[in-house]
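Structural overview
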Amino acid sequence: MGSAGEGIDAVDLGDALRALNLNPTLALIEKMGGTKKRNEKKIKMDEFLPIYSQVKKEKEQGCYEDFIECLKLYDKEENGTMMLAELQHALLALGESLDDEQVETLFADCMDPEDEEGFIPYSRKYSSLGQARSFCFLYMYDL
């Protein structure tokens, strides 16, 4: 992300904040100085700390548990599964939507395969908190 004294590239601001257990939206990252292109701007530690403090105060941050509660709305059988197609639609169309390539990467890296009826388990136990957080962040924010 960056080297000592140089700071981090502003395109990595969201990743740095998420690594510190915050969940900023893309709009908030941009408001705080994040960029969409690499090498446009660097953020040094003395600039990052106030950004971290401000983002930490934000109320509109989701978490893994919030994400699971949303997925339960699609669980028609109330058995911990949902249609893969419904999840794909939600990821492509709702909130800070992902593109097709991002969704395919997410499914390949994080999801169990769908069963013969097209269902997937949405609340499986993750092997690490990091994996669960990554899944949540990939959906709610960006890759």
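Predicted, not measured: the structure shown is a model, and the values here were computed from it. (Residues numbered from 1 in each chain as written. Predicted model: local features only at pLDDT ≥ 70, side-chain atom pairs only at ≥ 80, totals over all residues. Heavy atoms only, no water.)

**Here we look at helix H4 (residues 64–72)**
Every buried residue belonging to H4 is among Phe-67, Ile-68 and Leu-71, and all of these are buried. The buried residues of H4 all sit within an arc of 100° when viewed along its axis, so they share a single face. (Buried < 20%, exposed > 50% of the residue type's maximum accessible area, 1.4 Å probe, protein only. Helix = DSSP H or I, 4+ residues; strand = E, 2+ residues; numbered from the N terminus. Arc of directions from axis to C-beta.)

**Digging into the confidence of the model for the chain**
Residue-level pLDDT values for the chain average 80, and 80% of them are 70 or greater. Within the chain, the element-level pLDDT minimum falls on helix H7 (residues 129–140), averaging 48, and the maximum on strand S3 (residues 42–43), averaging 94. Counted against residues more than four places away or in other chains, residues 125–130, with its pLDDT under 50, gives four contacts. The model gives residues 137–143 a pLDDT under 50, and that stretch makes 30 contacts with residues more than four places away or in other chains. (pLDDT = per-residue confidence, 0-100. Contact = heavy atoms within 4.5 Å.)

**Looking at helix H3 (residues 45–57)**
Residues spaced three or four apart along an α-helix point in a common direction, a consequence of the helix completing one turn every 3.6 residues. End to end, H3 covers 19 Å across 13 residues, agreeing with the expected 18 Å (1.5 Å per residue, within 8%). What H3 keeps buried is the set Phe-48, Ile-51 and Val-55. Take H3 and look down its axis: the buried residues cluster within an arc of 65°, on one side only. Turned more than 90 degrees off the buried face of H3, the exposed positions are Asp-46, Lys-56 and Lys-57. (Expected span 1.5 Å × (residues − 1).)

**Remarks on the nonpolar core**
Core analysis: the biggest nonpolar cluster contains 15 residues, and Leu-71, Met-82, Leu-87, Leu-91, Leu-106, Phe-107 and Ile-120 have the highest contact counts within it. Residue assignment for this core shows that the elements contributing at least two residues are H4, helix H5 (84–93) and helix H6 (100–110). With four residues, H6 is the largest single contributor of residues to this core. Every residue in contact with Phe-107, bar those within four places of it in the chain, is listed here: Leu-84, Leu-87, Gln-88 and Leu-91. If you look at the next biggest cluster of nonpolar residues, it comprises 13 residues, including Ile-8, Leu-22, Ile-29 and Ile-51. (Core = buried A, V, L, I, M, F, W, Y, C linked by side-chain atoms within 4.5 Å.)

**Some remarks on the packing of H5 against H6**
Between H5 and H6, the least distance of the axes is 10 Å, while the angle of their chain directions is 135°. Taken together, the axis directions place H5 and H6 in an arrangement best described as oblique. With respect to the hand of their crossing, H5 and H6 are arranged in right-handed fashion. From H5, Leu-84, Leu-87, Gln-88, Leu-91 and Leu-92 reach across to H6, where they touch Asp-100, Val-103, Glu-104, Leu-106 and Phe-107. Each residue belonging to the contact of H5 with H6 can be placed in one class, and the counts come to seven nonpolar, one polar and two charged. (Axes fitted to C-alpha atoms, helices over the stretch in contact; angles between N-to-C directions. Parallel < 35°, antiparallel > 145°, perpendicular 65-115°, else oblique. Left-handed = near helix turned anticlockwise from the far one by under 90°. Nonpolar A, V, L, I, M, F, W, Y, C, P; charged D, E, K, R; others polar.)

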